[in-house]
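What the coordinates show
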Amino acid sequence: MTQSAAGDAGTATDDGVVYDLGPECTLEDVEEGHRYLATVNGIVEYGVFVDVSENVSGLVHETNLDSDPAVGDDLVVTLAEIRENGDLGFGEAAVDPEEADTADVVHGDEVGVGDLTDRVGDTVHLEGDVVQIKQTAGPTIFSVRDGAGVVPCAAFEEAGVRAYPEIDLDDVVRVTGTVETREDALQIEVDNLVRLRGEAETEVRERVDAALDERAAPEDVEPLIEWPAFEKLHEDLAAVARRLRRSVLEARPIRLRHHADGDGMCASLPVQLALENFVGEVHEDPDAPRHLFKRLPSKAPFYEMEDVTRDLNFALEDRERHGQRLPLLFMVDNGSTEEDVPAYRALDQYDIPILVVDHHHPDPEAVGPLVEEHVNPYLHDEDYRITTGMMCVELARMIDPSITDDLEHVPAVAGLSDRSKADAMDEYLALAEEAGYSEADLQDIGEALDYAAHWLRYNSGGSLIDDVLNVDCDDQTRHAELVEFLSSRARRDVEEQLEDADPHVEHERLDNDAHLYRLDVENHARRFTYPAPGKTTGELHDRKVRETGDPVITIGYGPDFAVLRSDGVRLDIPNMVTELQDEIEGAGVSGGGHLVVGSIKFVPGMRETVVDALVEKMADAELDEELRSTLVRDE
């Protein structure tokens, strides 16, 4: 019986697959230790001569012959030796040729994925492991990886019927077929697909793993600026870059979740561009970037259960419908706090690795055991002034250095969007100016990003956001006009909101001499429009800081939440949240953020109690002139 793809192409002690060579096969198509279907062509005193193809013949010595064949009989033989002069020595295998599981072999060169461009129309052999199996209405598509790249291999049994059903994800295989182009992309039209086992499987796995390790290594690039504080993070970012590149090489989908604000988008878009470029390099399938990478904004400053259940559902559906692996989750400008733990534990039920790059105040004891990599400046005695956008620009360059020129202005936009007063901001602004952006231009881009993110809600924005940030944008005039339109609308809406809210702002002077401003954003700010409560609170706070020149705290509150902003006051909002949880029973307090900016949730009936307790803690806080104007706007 004939088997299209089964058994071992490795040793004479494996599962008994026998290779049936096509007539055109040569010495290049045989290997010591493999079994072959042969025909006896001559008998001599010391053995029999056999043909395994029109071009490949050899001797079965009498000492290796168990039967008494006649000329024309079929034998199963094992290739024992290829001598230096090209003579072949065979041994008879204890397999009945009529009962053997055979795998057809046609002549072709051994190639890698990187060689296919120059081999269109040729029959070739490719060895690697299967990283995706997708059943279409026509052929079955096996995506095979050899360490250098991934190529789709189309095998047809009949329309909509699974070809080679014995082949599973992660099997090591040998593909024989013709290199073709389909919609300008390379693929192999499969003639034969064999699963490798034993020594052959081990050899291919070792070869592929070595190639993957080499190609997954991050690019060695110098940071855009010299910044000692940032150097502490370099090794951690390189580990994330390696893991992301490895995921692309493994054909594991990547789902990037980012905070839907200016810094979050400045962080996520460069990584998206770098990864999509790398996917395009590795995968011959032109649809691979779309299937293997998705950028998903999160409104909350943590990974909500609503988001994780949606992500899990899509991931499981994609595995079932498209034969994909479960994805890797990459959390950006988000994901460092105890509030993320329930969602992470949901993912922990599945094979879904988690990486985090964030600058919010972390809870490493809660988050650490659930994530593979966690990059956060607080873990190196730095703070939120190193924004996630600054870190992710360097991360993106480690994945694909060719995009550097497109990203030189992005760290400055990230810093201005999050109001970073890091020492490096002057250098980032100078770098952006060299690229043609004034500080006013960068401010406008940041405002436009915030405005677009508000109206996009849970949509990533795709090319619209690319055009606003001017990353991978092919029309500079459109970029400029779009930023002008969106930023002017944003400023107009903010002004109108503040003018309407200002008469309702409550003011008091705290015992520590800081100004406290309170606004009921539920009743005295327009709802369901721009700016949202967090943005409204931040803009009101900035206005009061400019008006007073003194330490200022601003609270914008609704029925079950409060948004906090502080300038010139040494607050510790994550710690305040922890204390309130212990001190006020039945309030359902949760939240966090940075030390001087954050948000708190509570049950509506306890709002007055929680807010009053917050004010008491703020009144006891020390003033710190060094913290003046270090406000981070993070909604």
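Remember, it's a predicted structure, so these values are computed and weren't measured experimentally.

Conventions adopted
- Residues numbered from 1 in each chain as written.
- Predicted model: local features only at pLDDT ≥ 70, side-chain atom pairs only at ≥ 80, totals over all residues.
- Heavy atoms only, no water.
- Helix = DSSP H or I, 4+ residues; strand = E, 2+ residues; numbered from the N terminus.
- Rg over C-alpha atoms; globule rule 2.2 N^0.38 Å.
- Buried < 20%, exposed > 50% of the residue type's maximum accessible area, 1.4 Å probe, protein only.
- Contact = heavy atoms within 4.5 Å.
- Salt bridge = Lys/Arg side-chain N within 4 Å of Asp/Glu carboxyl O.
- Phe/Tyr/Trp six-rings, centres within 6.5 Å; stacked < 30°, edge-to-face > 60°.
- Lys NZ or Arg CZ within 6 Å of the ring centre and 35° of its normal.
- Lys, Arg positive; Asp, Glu negative; His and termini not counted.
- Polar contact = N/O pair within 3.5 Å; in protein donor to acceptor, adjacent residues only side chain to side chain.
- Core = buried A, V, L, I, M, F, W, Y, C linked by side-chain atoms within 4.5 Å.
- Disulfide = S-S within 2.5 Å.
- Patch = residues over 30% accessible without salt bridge, like charges linked within 9 Å, V, L, I, M, F, W, Y side chains within 5 Å.
- Areas by Shrake-Rupley, 256 points an atom, 1.4 Å probe, with all protein chains shown as cover.
- Charge placed at Lys NZ, Arg CZ, Asp CG, Glu CD.
- Pairing = 2+ DSSP bridges.
- Axes fitted to C-alpha atoms, helices over the stretch in contact; angles between N-to-C directions.
- Right-handed = clockwise from strand over helix to strand, strands pointing away.
- Expected span 1.5 Å × (residues − 1).
- Arc of directions from axis to C-beta.

**Some points on the overall build of the protein**
Along the backbone of the protein there are 18 helices and 26 strands. Scaling as 2.2 N^0.38, a compact globule of 635 residues should have a C-alpha radius of gyration of about 26 Å, whereas the protein reaches 32 Å, well beyond that. By its C-alpha atoms, the protein is 115 × 55 × 45 Å across when sized along the principal axes. Buried residues in the protein amount to 57% of all 635 residues. Within the protein, contacts between residues separated by at least 24 positions form 67% of all contacts whose residues are at least 6 apart in sequence.

**Quick word on the pattern of salt bridges**
Side chains bearing opposite charge may pair, as long as their charged atoms lie close to each other. Evaluation of the coordinates by the stated rule reveals 45 salt bridges. For Glu-203, the salt bridge is made with Arg-207, and the minimal N-O distance between the two is 3.8 Å. Taken together, the residues span about one helical turn, with Glu-203 and Arg-207 both in helix H1 (residues 198-216) at a distance of 4 residues. The exposure class of Glu-203 is partly exposed, given its relative accessible area of 45%.

**A word on the packing of aromatic side chains**
This model, assessed by the stated rule, comprises 7 aromatic pairs. Plain terms: the ring middles of Tyr-19 and Tyr-36 are 6.1 Å apart, the flat faces sit at 45° to each other, and that makes the pair tilted. With Tyr-19 in strand S1 (residues 17-21) and Tyr-36 in strand S2 (residues 35-44), this pair connects stretches of sequence that are 17 residues apart. When sorted by exposure, Tyr-19 lands in the same class as Tyr-36, which is buried. The ring of Tyr-458 carries the charged tip of Arg-310 above its face, separated from the ring centre by 5.9 Å.

**Side note on the side chain of Arg-295**
Relative to the elements of secondary structure, Arg-295 occurs in strand S15 (residues 293-298). Although buried, Arg-295 forms no salt bridge, and the nearest oppositely charged side chain, Asp-466, lies 5.3 Å from it. Of the polar contacts made by the side chain of Arg-295, one reaches the side chain of Gln-272; its length is 2.8 Å. A distance of 2.7 Å separates the side chain of Arg-295 from the backbone oxygen of Ser-460, its partner in a polar contact. Ignoring any residue separated from it by four or fewer positions in sequence, one finds Arg-295 in contact with Leu-256, His-258, Ser-268, Leu-269, Gln-272, Ser-460, Gly-461, Gly-462 and Ile-465.

**Focus: the nonpolar core**
Counting 121 residues, the largest nonpolar core has Trp-227, Leu-244, Phe-330 and Leu-395 as its most contacted members. One finds Val-569, Met-576, Leu-614 and Ala-621 within the second-largest nonpolar core, a separate group that totals 27 residues.

**A closer look at the state of the cysteines**
Using the criterion set out here, one finds 0 disulfides in the structure. Not engaged in a disulfide, the cysteine Cys-25 finds its nearest cysteine sulfur in Cys-153; these two sulfurs lie 19 Å apart.

**Topic: a negative patch on the surface**
On the surface, a cluster of negative charge is contributed by Glu-219, Asp-220, Glu-222, Glu-226, Glu-231, Asp-423, Asp-426, Glu-427 and Glu-439. Assignment of secondary structure puts Glu-439 in helix H13 (residues 439-456). Residue classification places Glu-439 among the partly exposed positions, given a relative accessible area of 44%.

**Notes on the environment of Glu-320**
One can find Glu-320 in helix H6 (residues 305-322). What makes Glu-320 exposed here is its relative accessible area of 70%. Taking the C-alpha atoms as reference, Glu-320 lies 9.4 Å from Lys-134; in sequence the two are 186 residues apart.

**Things to note about the sheet that holds strand S17 (residues 354-357)**
The parallel open sheet is built from 5 strands, whose spatial order is S15-S14-S16-S17-S18. Each of the sheet's edge strands pairs with one partner strand only, and the pair in question is S15 and strand S18 (373-375). The mean inter-strand angle of the sheet, taken between neighbouring strand axes irrespective of direction, is 15°. Where strand S14 (residues 254-259) and strand S16 (residues 328-332) come together, 5 bridges link them in parallel fashion. Residue pairing across strands places Arg-257 opposite Met-331, the latter belonging to S16.

**What to know about the pairing of strand S21 (residues 552-557)**
Burial within S21 is extensive, with 6 of its 6 residues counted as buried. Neither face of S21 is open: one carries Val-552, Thr-554 and Gly-556, the other Ile-553, Ile-555 and Tyr-557, and all of them are buried. Pairing of strand S20 (residues 515-520) with S21, which is carried by 6 bridges, proceeds in the parallel orientation. Counted as the bridge partner of Arg-518 is Ile-555 from S21. With helix H16 (residues 533-548) bridging S20 and the parallel S21, this β-α-β connection has right-handed handedness.

**Let's talk about H1**
Compared with the 27 Å implied by 1.5 Å per residue over 19 residues, the 27 Å span of H1 between its first and last C-alpha is a close match. For H1, the complete set of buried residues consists of Ala-200, Glu-201, Val-204, Val-208, Leu-212 and Ala-216. Down the axis, H1 shows its buried residues gathered within 110° of arc, on one side only. When the buried face of H1 is taken as reference, the exposed residues oriented beyond 90 degrees from it are Glu-199, Glu-206 and Glu-214.

**Points about unusual backbone geometry**
Each neighbour pair has its own omega, and for Tyr-530 with Pro-531 the value is 0°, a cis peptide bond. By the element assignment, Pro-531 lies in the loop between S20 and H16. One non-glycine residue, Asp-170, adopts positive backbone phi at about 80°. Its place among the elements puts Asp-170 in the loop between strand S11 (150-155) and strand S12 (172-182). Among the residues examined, Asp-170 registers a relative accessible area of 34% and is labelled partly exposed. For Asp-381, which is not glycine, the phi dihedral falls at a positive 60°. Here Asp-381 is to be found in the loop between S18 and helix H9 (388-399). According to the relative accessible area criterion, Asp-381 is exposed, its value standing at 72%.

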